[in-house]
Amino acid sequence: MERLRLDKWLWAARFYKTRSLACEEIDKGRVQVNGVVAKPARELKAGDSVLLRSGPISRTVTVMAVSDKRGPAPVAALLYQETEDSIRQRQQVAEQRRLAPEPALSLSQGRPTKRDRRDTEQLRQHDWDERWSASLKT
């Protein structure tokens, strides 16, 4: 076999868990073959360049072989070779994520505990009584 549908190859190369997920990503325009946005039925052959985008990560791979059978990961890794620029770019993105984490992830405390709520309520009540007393204190 020297040619294979793009969605089948992406599934066999273990980029996507199912062929339907591969088709969805292709239809969204996140996969390009030789610099052109592709369709799921696009036929691939050895030597083609495939650009995959998944969130902030972009991978460029060269097709080394085609297979319509989904095998173990070490065998699937032989179907493609990632370019040096792609590897370097993925490492830079990973380093940026490590150095500048999501602000929401830095929150150390979640919802207040029952004890925290009681303490807060007690402070509010105490502060209210001191400042806004309806009774005349002499």
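Because the structure is a prediction, the values reported are computed rather than measured. (Residues numbered from 1 in each chain as written. Predicted model: local features only at pLDDT ≥ 70, side-chain atom pairs only at ≥ 80, totals over all residues. Heavy atoms only, no water.)

A. Structural detail: the overall build of the chain. The helix and strand inventory of the chain stands at five helices and seven strands. Ordered by position from N to C terminus, the α and β elements of the chain give β-α-α-β-β-β-β-β-α-β-α-α. Across the 138 residues of the chain, 24% fall into the buried class. (Helix = DSSP H or I, 4+ residues; strand = E, 2+ residues; numbered from the N terminus. Buried < 20%, exposed > 50% of the residue type's maximum accessible area, 1.4 Å probe, protein only.)

B. Seen up close, the side chain of E25. Locating E25 in the fold gives a position in helix α2 (residues 19–27). Residue E25 is classed as buried on the basis of its relative accessible area, which comes to 13%. Once residues lying within four places of it in the same chain are set aside, the contact partners of E25 are Y16, R30, V31 and R53. (Contact = heavy atoms within 4.5 Å.)

C. Quick peek at the nonpolar core. One finds L6, W9, L10, F15, V31 and V50 to be the most contacted residues of the largest nonpolar core, which totals 21 residues. Those elements giving two or more residues to this core turn out to be α1 (6–12), α2, β2 (31–33), β5 (49–54) and β6 (57–63). No other element matches α1, which puts four residues into this core. Those residues in contact with W9, other than ones at most four positions away along the chain, are L4, F15, L44, V50, V61, V63, A65, V66, S67, L79 and Y80. (Core = buried A, V, L, I, M, F, W, Y, C linked by side-chain atoms within 4.5 Å.)

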